[in-house]
Amino acid sequence: MEQPHLVRPHSYVVRGRKTEAQQRAIDELWPDYGVDFDGSPLDLDAIFGRTAPRTVEIGFGNGENLLTLAERHPERDFLGVEVHGAGVGRVLAGMRDRGLTNIRVVRHDAVEVFHTGLAAGSVAEVLIFFPDPWPKVRHHRRRLVQPDVVKIILPALSSDGVLRLATDWEPYAEHMLEVLDAEPALVNVAGDAHFVPRPEDRPVTKFERRGEKLGHAIFDLEYRPRP
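Residue numbering note: each chain is counted from 1, following its sequence as written. Restriction of local features to residues with pLDDT of at least 70 applies here, the model being predicted, together with a cutoff of 80 or more for giving and counting side-chain atom pairs; totals for whole chains, interfaces and linings are based on all residues. Remark: hydrogens and water are excluded; side-chain values derive from all non-hydrogen atoms of the structure.

For this analysis, a salt bridge means a side-chain nitrogen from Lys or Arg found within 4 Å of a carboxyl oxygen belonging to Asp or Glu. A complete count under the given rule lists 15 salt bridges for this structure. The salt bridge involving arginine 96 is made with aspartate 97; its shortest N-O contact spans 3.5 Å. Taking the relative accessible area as the measure of exposure, aspartate 97 reaches 60% and is therefore exposed. The salt bridge involving arginine 202 is made with aspartate 220; its shortest N-O contact spans 2.8 Å. With arginine 202 in the loop between strand 7 (186-188) and helix 8 (206-213) and aspartate 220 in strand 8 (residues 219-225), this pair connects stretches of sequence that are 18 residues apart. Among the residues examined, arginine 202 registers a relative accessible area of 4% and is labelled buried. Through salt bridges that share partners, Arg76, Glu125, Arg164, Glu222 and Arg224 make up one connected network. Relative accessible area decides the class of each residue, using a 1.4 Å probe on protein chains only: under 20% of the type maximum gives buried, over 50% gives exposed, and in between gives partly exposed. To qualify as a helix, a DSSP run of H or I must reach at least 4 residues; to qualify as a strand, a run of E must reach at least 2; elements of each kind are numbered from the N terminus.

Right, here's the structure in full:
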């Protein structure tokens, strides 16, 4: 059955140019590690060539977090979803340089990937780290963390899975808390209206370092499916 088309403002604007090295990495490595998403369900066992716990990172940016986690956890599979070609090229080049084989990359709108591509209960962990805060009020509807988007993401999460988020923009952190605490299918690990301490295993990325240099506090959130 054909899935309904999603009508929603994108939470991103495609910008930036790929370097020659990034484009070369895409040309050389996409056939092995890229996933061409056409709206059809993804067979993750076939894509990764094994069965393993899976983490999906939405909007991995320059890939620093994705590469570090994949290197630390070779027993897990990591699916990175990103629309920016420069980040895709950087991750593919990083995989080659670090000898990693447990990452696959989708260059597509993550909401559409979750909507039609990921089977129910197929993901152990979803990461949303430092998404665009869209600070202007007229742009708030573009924020990724919205009630309707959360309801699209949740079915893919396993019953013992976890949704982790982080931001350095306090108004967006409060917005995330409001949206996610109001979702009846989720439980805030820290308790309603509270943030979790910074997880020790979350790599420090350039986005976090940049926020700290600007004097921003870092806010981490963690949610699990309600039993």
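So, about the UniProt feature "binding site: S-adenosyl-L-methionine" (unreviewed entry) in the protein. Residues given the UniProt feature "binding site: S-adenosyl-L-methionine" (unreviewed entry) here are Glu57, Glu82, Asp109 and Asp132. Spatially, the listed residues are clustered: although they cover 76 residues, their C-alpha atoms lie within 14.3 Å of one another. When you line up the elements, aspartate 109 lands in the loop between strand 4 (103-106) and helix 5 (110-117). For aspartate 109, a relative accessible area of 6% translates into the label buried. Polar side-chain contacts of aspartate 109 include one of 3.0 Å to the backbone nitrogen of valine 111. With respect to the secondary-structure elements, aspartate 132 resides in the loop between strand 5 (123-129) and helix 6 (147-153). UniProt positions are given in the numbering used here, feature names are shortened, and annotations may be inferred rather than shown by experiment. In the analysis that follows, any N or O atom pair within 3.5 Å is treated as a polar contact, provided that within protein one partner can donate a hydrogen and the other can accept it, and provided that, for residues neighboring in sequence, both atoms belong to side chains.

Two rings from Phe, Tyr or Trp (for Trp, the six-membered ring) form a pair when their centres sit within 6.5 Å of each other. Planes less than 30 degrees apart are called stacked, planes more than 60 degrees apart edge-to-face, and all others tilted. Counted according to the given criterion, the structure contains 1 aromatic pair. Counted as over-ring charges are cases with an Arg CZ or a Lys NZ within 6 Å of the ring centre that also lie within 35 degrees of the ring normal. The residue whose ring lies beneath arginine 202 is phenylalanine 129, and the NZ or CZ to ring-centre distance is 5.6 Å.

Okay, the layout of surface pockets next. Space left empty within the atom packing is revealed by a probe, the size of a water molecule, rolled over the atoms. Cavities and pockets are defined on a 1 Å grid built over the protein atoms alone: a cavity is a set of grid points where a 1.4 Å probe fits but cannot escape, while a pocket is an open set with protein on both sides within 12 Å along at least five of seven lines, and lining residues are those with an atom within 4 Å of any such point. Grid points are joined across faces, edges and corners, and a volume is the space filled by probe spheres set on the points. Size it by volume and the second largest pocket reaches roughly 190 Å³. Lining the second largest pocket are 16 residues, and of these Leu69, Glu125, Leu127, Arg164 and Asp201 sit closest to its centre. Those elements that place two or more of their residues in the lining of the second largest pocket are strand 5, strand 6 (157-167) and strand 8. A class-by-class count of the residues in the lining of the second largest pocket yields 8 nonpolar, 1 polar and 7 charged. Classification used: nonpolar for Ala, Val, Leu, Ile, Met, Phe, Trp, Tyr, Cys and Pro, charged for Asp, Glu, Lys and Arg, polar for all others including Gly.

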